Amino acid sequence: HGVGAARARIGADVLADALGSLLENARQHAGEGARARIASRIERDEVVLRVEDDGAGISEANAGRVFTPFFTTARERGGSGLGLTIVRALIEAHGGAVTLARARPGAAFEIRLPAAGAAL
């Protein structure tokens, strides 16, 4: 998938699934009226995507558990606690990483993927 002059080493459909899951996570957790956005940049041999919202954010108590399988604060709304775990698995399977990043207000996730042509 292209970002400016760089291409990330991941299939467009896989990246779309990961970004879709992060946007769905924002829809479910950010709160009424919150907005989300995706930004991209190139750092050395990586493509960096940032998905952030201006919603309620993630508490410090939950920040360390968001990628833990079956951890959810939305079980009563049908949350399984697998969305972020799956996103992490998809990105890592393509040599990348996804992390919870600081955002004020709201929540942000950064995806780092090797640029096509970068050495692994």
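The structure we're discussing is the one just above.
Parameters at a glance
- Per chain, residues are indexed from 1 in the order of the written sequence.
- Reporting of local features is limited, given that this is a predicted model, to residues whose pLDDT is at least 70; pairs of side-chain atoms are given and counted only at 80 or more, and all residues count toward the totals for whole chains, interfaces and linings.
- Where side-chain values are given, they derive from all heavy atoms of the structure, hydrogens and water being excluded.
- Strands pair, by our definition, only if DSSP identifies at least two bridges between them.
- Working definition: helices are DSSP H or I runs of at least four residues, strands are E runs of at least two. Numbering for both runs from the N terminus.
- Between the N-to-C directions of two axes lies an angle of 0 to 180 degrees, each axis being a line fitted to C-alpha atoms and, for a helix, fitted only over the stretch in contact.
- Residue contacts are defined here by distance: any two heavy atoms, one from each residue, within 4.5 Å place the two residues in contact.
- Exposed residues in this analysis have more than 50% of their type's maximum accessible area, buried residues have under 20%, and partly exposed residues fall in between, with area computed by a 1.4 Å probe over protein chains only.
- What qualifies as a polar contact is a pair of N or O atoms within 3.5 Å, subject to a donor-acceptor requirement within protein and to the restriction that residues adjacent in sequence count only when both atoms come from side chains.

Here the focus is the sheet that holds strand E6 (residues 108-114). With respect to topology, 4 strands assemble into an open sheet ordered E3-E4-E6-E5, the strand pairing being antiparallel. One side of each edge strand has no neighbouring strand; the edge strands of this open sheet are strand E3 (36-43) and strand E5 (97-101). With strand direction ignored, the average angle separating the axes of adjacent strands in the sheet is 20°. Alignment of strand E4 (residues 46-53) against E6, held across 7 bridges, turns out to be antiparallel. Across the sheet, the residue bridging to Val48 is Arg112, located in E6. In this fold helix H1 (residues 12-29) packs onto E3, E4 and E6, with an angle of close to 25° to the strand it touches most, E4.

Time to look at the side chain of Arg50. With respect to the helices, strands and loops of the structure, Arg50 is situated in strand E4. For Arg50, a relative accessible area of 17% translates into the label buried. At 3.5 Å, the side chain of Arg50 forms a polar contact with the side chain of Glu52. A distance of 2.6 Å separates a polar atom in the side chain of Arg50 from the backbone oxygen of Arg102. The contacts of Arg50, once residues within four sequence positions are left out, are Arg37, Ile38, Ala39, Ala101, Arg102, Ala103, Ala108, Phe109 and Glu110.

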